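A structural walkthrough
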Amino acid sequence: GGHGAALHSRAQGLSTAVFAGGDVGGTCVNRGCVPSKALLAASGRVREMKDAAHLESMGIQVDESAIQYSREGIAAHAKNLAKRVKGNLENSLTALGCEVIEGRGILTENPQEVKDELTGKVYKCKDIILAPGSVPFVPPGVVADEKTVYTSDGALELQFVPEWVAIIGSGYIGLEFSDVYTALGAEVTFIEAMDDLMPTFDREIAKQAERLLIRDRPIDYRTGVFAAEVTPGIPGEKPVTIKMIDAKTKEHVETIEVDAAMVATGRVPNTGNMGLEARGIETNRGFVNVNEKMQVLSSHDENAQLIPNLYCIGDANGKMMLAHAASAHGISAIENICGREHVVNHAAIPAACFTHPEISMVGPTEEQAVEMAKNEGWTLGKSQGSFRANSKALAEGEGNGIAKVLFKKETGEVVAVHIIGLHAADLIQECANAVAAGTTVQELSMMVHTHPTLSEVMDEAFKGAVGMASH
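Let me begin by describing the structure that accompanies this report. (Residues numbered from 1 in each chain as written. Predicted model: local features only at pLDDT ≥ 70, side-chain atom pairs only at ≥ 80, totals over all residues. Heavy atoms only, no water.)

Another aspect to go through is the packing of helix 1 (residues 2-11) against helix 5 (residues 71-95). Two elements in contact, helix 1 and helix 5, have axes whose closest approach is 10 Å; the angle formed by their N-to-C orientations is 25 degrees. In this view, helix 1 runs roughly parallel relative to helix 5, as classed from their interaxial angle. Considering only the axes of helix 1 and helix 5, their crossing is left-handed. Here His3, Ala6 and Leu7 of helix 1 lie close against helix 5, whose contacting residues are Leu89, Ser92 and Leu93. Looking at the contact of helix 1 with helix 5, its residues break down into four nonpolar, two polar and no charged. (Axes fitted to C-alpha atoms, helices over the stretch in contact; angles between N-to-C directions. Helix = DSSP H or I, 4+ residues; strand = E, 2+ residues; numbered from the N terminus. Parallel < 35°, antiparallel > 145°, perpendicular 65-115°, else oblique. Left-handed = near helix turned anticlockwise from the far one by under 90°. Contact = heavy atoms within 4.5 Å. Nonpolar A, V, L, I, M, F, W, Y, C, P; charged D, E, K, R; others polar.)

Listed below in structure tokens is the structure:
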């Protein structure tokens, strides 16, 4: 978020300084999106090459036992990618004339001031954008030593591939790492506090994901339970102990011993010790309250006061904890600083889970859309496209998956799209653009899609929404 804000700030001719805190690129580049995609890419290749039946169907013979990988090599691939991208980001800042300050920036008691935590030097400025990001949340009772019990930070190091790993939480992060671990030969147990796996996902997509990503893999799960106590072990010597209690009754349910445990229970704002209290700003669970222009408010109360010349973007404001949302926030904040009123349309920001196959979405789940339609007085329409009927997907031997379009029947306005299937993360962008631009299913149904490509899955869904058939 801070990087995106800085680039746009310089593009508008503003003098710009970035307090990097020794962490140019933040979580996304150093401990999140970027290195995790490297692990997924490498482990995905291993999975593909070991799928002898799939390759045989395409006329390719392989000896599964001959497929080997280097754990150290895969870990180095992730580390080197993060290092390269971090360097590119830093170079882009300096090339555009941004001053990059190594220390972490903290607010002082005075407005329009930032202190370098490293040197103590105080910088005066016109406007300040807070972009501290977030850190992994470790629940009470869980001891994370980042060796045998670790967050996503430790998991990205890939210090070893456990024979049996428990993943606490079944959201984006947990699902992606289950994909990595099972591809590299591990068994996985999900521990989910909610009654359903993947509780934030559209239910229809979650059921497909359970079939494609869990049922046929060495994965089992416990739902409706908390990992109340997690005690680290010693690799190869002593197991990790996990005591589970019922999420409702809090009674002891089961205790298991595994080789490792990954804590994937979400993230919390990294807003501690950055001088918010000095400016009279109250947070809620660490989140900074902002208005739609990303301007900081003094609290989360109705009577909260606007703090002049102070903005907060990305994970720290809690509006949408995604790297590209943070960048959008940063650009929006600069627009408002320049006097051009701008508001981010969060309903049009897509998200993706980079499993094999991928999952992507924009807008509310079908369950949420049903409630919206009822409350707002419109009729919900639904149309689907199938990867099973797509020539490109079939050529790849990857016919599993669906694309679901939800729309307002009265106007044709696209409300949401959910996809699971080959390259779903790339296919969602057309849909997010449609939501952002207000393009209707009638208009989308008449747009020409390249043949033979996966985009025709979307073409089928758009045409189906208006009663047309795609060939």
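Let's shift gears to the pairing of strand 9 (residues 164-168). The element strand 9 is extensively covered by neighbouring structure, given that four of its five residues are classed as buried. Relative to strand 10 (residues 187-192), strand 9 runs parallel, the two being bridged by five bridges. Of the residues in strand 10, the one forming a bridge with tryptophan 164 is glutamate 187. Between the parallel elements strand 9 and strand 10, the chain passes through helix 7 (residues 172-183) in a crossover that is right-handed. (Buried < 20%, exposed > 50% of the residue type's maximum accessible area, 1.4 Å probe, protein only. Pairing = 2+ DSSP bridges. Right-handed = clockwise from strand over helix to strand, strands pointing away.)

Take the pattern of salt bridges next. Scanning the entire structure with this criterion turns up 21 salt bridges. The salt bridge partner of glutamate 176 is lysine 37, with a shortest N-O separation of 3.7 Å. Of this pair, glutamate 176 sits in helix 7 while lysine 37 sits in helix 3 (residues 33-50); the two residues are 139 residues apart in sequence, bridging distant segments of the chain. Residues lysine 392 and glutamate 396 are paired through a salt bridge, measuring 3.1 Å at the closest nitrogen-oxygen approach. Taking the relative accessible area as the measure of exposure, lysine 392 reaches 31% and is therefore partly exposed. For glutamate 396, a relative accessible area of 34% puts it in the partly exposed group. Through salt bridges with shared partners, a single ionic network connects Asp202, Glu204, Glu366, Lys382 and Lys404. (Salt bridge = Lys/Arg side-chain N within 4 Å of Asp/Glu carboxyl O.)

So, about the environment of glycine 133. With respect to the helices, strands and loops of the structure, glycine 133 is situated in the loop between strand 6 (128-130) and strand 7 (134-136). Apart from residues no more than four positions distant in its own chain, glycine 133 is found in contact with Pro269, Asn270, Asp315 and Ala316.

Another aspect to go through is a nonpolar patch on the surface. On the surface, a cluster of nonpolar side chains totalling about 220 Å² of accessible area is made up of Met58, Ile60 and Val62. Following the sequence through the fold, isoleucine 60 ends up in the loop between helix 4 (52-56) and helix 5. (Patch = residues over 30% accessible without salt bridge, like charges linked within 9 Å, V, L, I, M, F, W, Y side chains within 5 Å. Areas by Shrake-Rupley, 256 points an atom, 1.4 Å probe, with all protein chains shown as cover.)

So, about helix 12 (residues 424-437). Given a rise of 1.5 Å per residue, 14 residues ought to cover 20 Å, and the 21 Å separating the end C-alpha atoms of helix 12 matches this to within 8%. Buried residues of helix 12: Ala424, Ala425, Leu427, Ile428, Cys431, Ala432, Ala434 and Val435, and no others. Buried positions along helix 12 lie against strand 19 (351-353), strand 20 (358-362), strand 23 (414-421), helix 13 (441-445) and helix 14 (455-465). Glycine 438 sits one or two positions beyond helix 12 and adopts a positive phi of about 75 degrees. (Expected span 1.5 Å × (residues − 1).)

Before going further, it helps to spend a moment on helix 9 (residues 323-337). Relative to the 21 Å expected for 15 residues at 1.5 Å per residue, helix 9 spans 21 Å between its end C-alpha atoms, a close match to the ideal helical length. All of the buried residues in helix 9 are Ala325, Ala326, His329, Gly330, Ser332, Ala333, Ile334, Glu335, Asn336 and Ile337. On its buried face, helix 9 sits against helix 1, strand 6 and strand 18 (306-312). Positive phi appears at glycine 339, one or two residues downstream of helix 9, with a value of about 85 degrees.

Let us look at the state of the cysteines. One pass over the full model with this rule turns up zero disulfides. Looking at the unpaired cysteine 338, the closest cysteine sulfur is the one in cysteine 98, lying at 13 Å. Relative accessible area serves as the criterion here: at 29%, cysteine 338 is assigned to the partly exposed category. No disulfide involves cysteine 431; its sulfur sits 17 Å from the nearest other cysteine sulfur, which is in cysteine 353. Classification of cysteine 431 by relative accessible area gives buried; the value is 0%. (Disulfide = S-S within 2.5 Å.)

A contiguous patch of negative charge, built from Glu48, Asp51, Asp63 and Glu64, is present on the exposed surface. Along the chain, the position of aspartate 63 falls in the loop between helix 4 and helix 5. Since its relative accessible area comes to 45%, aspartate 63 is described here as partly exposed. (Lys, Arg positive; Asp, Glu negative; His and termini not counted. Charge placed at Lys NZ, Arg CZ, Asp CG, Glu CD.)

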